[in-house]
Amino acid sequence: QVQLVESGGGLVQPGGSLRLSCVTSGSILRLSTMGWYRQAPLKQRELVAAITNGCTTNYADSVKGRLTTSRDTAKNTVFLQMNTLKPEGTAVYYCNAKPTWSSYWGKGTQVTVSS
C-alpha cells in the first residue's frame, strides 16, 4: 500500500513562508514524478509544482518565483518551499506521486494565509 504523508501546513501572514513536506517510500519516490496540488474552497484542484525523478521542475505561472519544489531521496521526502505567500494561496495542499502505472494521493495539509 502506497502512502504519502504531508506535513508543514498552518496559518501564516501574507508575505510569510512555509515549507511543506511529503514523505513516501523510497521506491515510489525514485520511480515517480512528484506533484504538489492545491484546492481552495469551491475551486478545482490545481497543480502548482512538480518534479520528475530526474529533478526537472515545473510550476504554475501564478507561483513562479515564489514556490520551489525539491526532493531528498535519502529522506524519501519531497518539499515545497513557499515564500511571499498571498491570501489566494489559502487551500489544502496535496502531494501526488505518478509512477508509470498509477497515481497516488496524500490526505493533504491545510495552508491558511491571513492576517
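This text goes with the structure placed above it.
Residues numbered from 1 in each chain as written. Predicted model: local features only at pLDDT ≥ 70, side-chain atom pairs only at ≥ 80, totals over all residues. Heavy atoms only, no water.

Visitor: Explain the pattern of salt bridges here, please?
Guide: If charged atoms from side chains of opposite charge come close, those side chains can pair. With the rule as written, the count across this model stands at two salt bridges. Residues Arg38 and Glu46 are paired through a salt bridge, measuring 2.7 Å at the closest nitrogen-oxygen approach. For Arg38, a relative accessible area of 10% puts it in the buried group. Since its relative accessible area comes to 34%, Glu46 is described here as partly exposed. The partner of Asp61 in a salt bridge is Lys64, and the shortest N-O contact between them spans 3.1 Å. Of the two residues examined, Asp61 and Lys64, each falls in the exposed class. (Salt bridge = Lys/Arg side-chain N within 4 Å of Asp/Glu carboxyl O. Buried < 20%, exposed > 50% of the residue type's maximum accessible area, 1.4 Å probe, protein only.)

Visitor: I tried to follow the packing of aromatic side chains on my own but got confused; where do I start?
Guide: Pairs of aromatic rings are described using the distance from one ring centre to the other and the angle between the two planes. Taken as a whole, this structure holds two aromatic pairs when the rule is applied. Judged by centre distance (4.8 Å) and plane angle (65°), the ring pair of Tyr37 and Trp105 falls under edge-to-face. Here Tyr37, found in strand 4 (residues 33–39), pairs with Trp105, found in strand 10 (residues 104–105); they are 68 residues apart in sequence, far enough to count as distant. For Tyr37, a relative accessible area of 16% gives the class buried. Owing to a relative accessible area of 36%, Trp105 belongs among the partly exposed residues under this scheme. With 6.4 Å between their ring centres and 85° between their planes, Tyr94 and Trp105 make a pair best called edge-to-face. Linking Tyr94 in strand 9 (residues 91–98) with Trp105 in strand 10, this pair joins segments that are 11 residues apart in sequence. The class for Tyr94 is buried, based on a relative accessible area of 13%. When the ring centre of Tyr94 is taken as reference, the NZ or CZ atom of Arg45 above it lies at 3.7 Å. (Phe/Tyr/Trp six-rings, centres within 6.5 Å; stacked < 30°, edge-to-face > 60°. Helix = DSSP H or I, 4+ residues; strand = E, 2+ residues; numbered from the N terminus. Lys NZ or Arg CZ within 6 Å of the ring centre and 35° of its normal.)

Visitor: Is there a simple way to explain the state of the cysteines in this structure?
Guide: A full pass over the atoms with the stated rule returns one disulfide. For Cys22, the disulfide goes to Cys95, at an S-S distance of 2.1 Å. One disulfide, between Cys22 and Cys95, carries an S-S torsion of -80° and so falls in the left-handed class. Residue Cys22 is located in strand 3 (residues 18–23), and its partner Cys95 is located in strand 9; the two are separated by 73 residues in the primary sequence. Classification of Cys95 as buried rests on a relative accessible area of 0%. Unpaired in this structure, Cys55 has its nearest cysteine sulfur neighbour in Cys95, at a distance of 15 Å. (Disulfide = S-S within 2.5 Å.)

Visitor: What's the story with unusual backbone geometry in this structure? I'm lost.
Guide: One non-glycine residue, Leu42, lies in the positive phi region at around 65°. You can see Leu42 is positioned in the loop between strand 4 and strand 5 (46–51).

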